[in-house]
Amino acid sequence: MNISDLLQKPDIESCQRLLCIQPHPDDMDISAGGTIARLAEKGIEIIYLTMTDDTAGFMEVEKIKSQRRLNHRKEEQENAGRVLGVKEYHWLDYPDAGDWSQYEARNAIIRAIRQIRPDFVMTVDPWLPYEAHQDHIKCGMAVGEALILYNHPMVKTEESVDNLFEPYQIDGVAFSFTARPNMIIGVDGYREKKFRAIAEHKSQFHGDNFEILKVYDELRSKNLAKDQNFEFGEGFKILNPNYMLHAVPEAVDY
Ligand SMILES: [Zn+2]
């Protein structure tokens, strides 16, 4: 028996409420849009929590003045989410590419978990080699730490939330944008929806970068699905947060 056989891999398809925590609007749509559309269609409740305001990501700054950019990105995300079947949106509004604190973010995520009570969480993989964007690293790390601490009463967030909170179990965490996927989810039939959703992030695309993303994603999805019984796949590193997110070296190969 291998150590990794001790624990069953959590099954994201049998969850009921999936909380998707992303650094910027569009990260979940791009990294997992097909999966999210598929899970939403199965009746799984999808909730988005976005860390930053994404106002540094505007390609045509002169067209939209700073005050309006934040609302504009929220609108674009909600339009995209509507295509995929996202039910609810929460925003932390940290400054995009700014000096926000991972510690503060961790507590804000714990507060959100205590309020929303998801049974599965999705976020970006902070251990992606060559990831240079600190928003992605801080977001993934803050989620990981929140997942080992959300049930601990000594971690305080907001009194009214903490007082009502009853500890419960989150079954799994799925890291997208990962270099070490241990689960490939088939998204045949959902790629049209995925790219209709991504296209709603109009402020992020100019020239041919949308087409390049589409081709890259298609090649990547096909590669991931190579040994599977479907044509296109999205890859995730799925771990059990109760055992695998702290001091377990085998998690890397799990
Ligand atoms: Zn991002």
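Rules and cut-offs
Residues numbered from 1 in each chain as written. Predicted model: local features only at pLDDT ≥ 70, side-chain atom pairs only at ≥ 80, totals over all residues. Helix = DSSP H or I, 4+ residues; strand = E, 2+ residues; numbered from the N terminus. Rg over C-alpha atoms; globule rule 2.2 N^0.38 Å. Buried ≥ 20, exposed ≤ 12 C-beta atoms within 10 Å, placed from the backbone. Contact = placed C-beta atoms within 7 Å. Pairing = 2+ DSSP bridges. Axes fitted to C-alpha atoms, helices over the stretch in contact; angles between N-to-C directions. Expected span 1.5 Å × (residues − 1). Parallel < 35°, antiparallel > 145°, perpendicular 65-115°, else oblique. Left-handed = near helix turned anticlockwise from the far one by under 90°. Core = buried A, V, L, I, M, F, W, Y, C linked by C-beta atoms within 7 Å.

Student: Outline the overall build of the protein, supporting the account with residue identities and numerical values.
Tutor: Each helix and strand in the protein was counted, giving 7 helices and 7 strands. Counted from the first residue to the last, the protein has its helices and strands arranged as β-α-β-α-β-α-β-α-α-β-β-α-α-β. For 254 residues, the compact-globule formula gives about 18 Å, and the C-alpha radius of gyration of the protein, at 18 Å, lands near that figure. Viewed in the frame of its principal axes, the protein has a C-alpha envelope of about 50 × 50 × 35 Å. Here the protein holds 254 residues, and 44% of them are scored as buried. Looking at the protein alone, contacts between residues at least 24 apart form 82% of all its contacts between residues at least 6 apart.

Student: If you had to explain the sheet that holds strand S3 (residues 88–94) to someone new, which residues and values would you point to?
Tutor: Adjacent strands of a sheet form backbone hydrogen bonds with each other and so pair up, either parallel or antiparallel. Sheet architecture is open: 7 strands sit in the order S3-S2-S1-S4-S5-S7-S6, paired in mixed fashion. Edge positions in the sheet fall to S3 and strand S6 (183–186), since each of these pairs with one other strand and no more. Across the sheet, the mean angle separating the axes of adjacent strands is 25° when strand polarity is ignored. Pairing of strand S2 (residues 45–52) with S3, which is carried by 5 bridges, proceeds in the parallel orientation. Looking at S3, one finds that Tyr-48 is bridged to Tyr-89. Relative to strand S1 (residues 17–22), helix H1 (residues 27–41) is tilted by about 170°, and along the sheet it contacts S1, S2, strand S4 (120–124), strand S5 (172–176), S6 and strand S7 (233–239). Of the strands in this sheet, S1, S2 and S3 are in contact with helix H3 (residues 102–116), which crosses S3 at around 165°.

Student: Explain H3 to me, and be specific about the residues and the numbers.
Tutor: An ideal rise of 1.5 Å per residue puts 21 Å on 15 residues; H3 measures up with 20 Å between its terminal C-alpha atoms. Along H3, the residues that are buried comprise Ala-105, Arg-106, Ala-108, Ile-109, Ile-110, Ala-112, Ile-113 and Arg-114. The inward-facing, buried residues of H3 contact S1, S2, S3, helix H4 (134–149) and helix H5 (159–164). Just past H3, the residue Arg-117 takes up positive phi, approximately 55°.

Student: Quick one: what's the story with the environment of Leu-92, residue by residue and with numbers?
Tutor: You can see Leu-92 is positioned in strand S3. Along the sequence, Leu-92 and Leu-49 sit 43 residues apart, while their C-alpha atoms lie 7.5 Å from each other. Discounting residues that sit within four places of it in the chain, Leu-92 has contacts with Thr-50, Met-51, Ala-105 and Ala-108.

Student: Could you give an account of the packing of H1 against helix H6 (residues 191–199), naming the residues involved and the relevant values?
Tutor: At a minimum axis separation of 8 Å, H1 and H6 run at an interaxial angle of 135°. The orientation of H1 relative to H6 falls into the category oblique. Crossing handedness for the pair H1 and H6: right-handed. Every residue of H6 that contacts H1 at Asp-29, Ile-30, Gly-33, Gly-34 and Ala-37 is listed here: Arg-191, Lys-193, Lys-194, Ala-197 and Ile-198.

Student: Tell me about the environment of Leu-147, and name the residues and values.
Tutor: By secondary structure assignment, the location of Leu-147 is in helix H4. The class of Leu-147 is buried, set by 25 C-beta atoms lying within 10 Å. Each C-alpha atom of the pair Leu-147 and Ile-113 lies 8.8 Å from the other, and the pair is 34 residues apart in sequence. Dropping the residues within four chain positions of it, Leu-147 is found in contact with Val-121, Ile-170, Val-173, Pro-241 and Leu-245.

Student: Any chance you could break down the pairing of S5 for me, citing the residues and the numbers?
Tutor: Buried residues dominate S5, accounting for 5 of its 5 residues. As defined by bridge partners, S5 adjoins S7 across 3 bridges and the pair is classed as antiparallel. Bridge pairing in S7 links Val-173 to Leu-239.

Student: Report on the nonpolar core, specifying residues and quantitative values.
Tutor: Judged by nonpolar contacts, the single largest core of 59 residues is most densely connected at Leu-18, Cys-20, Ile-36, Ile-109 and Val-121. Broken down by element, the residue count for this core peaks at 7 residues, all from H1. Setting aside chain neighbours within four positions, we find Cys-20 in contact with Met-28, Ile-36, Ile-46, Ile-47, Tyr-48 and Met-122.

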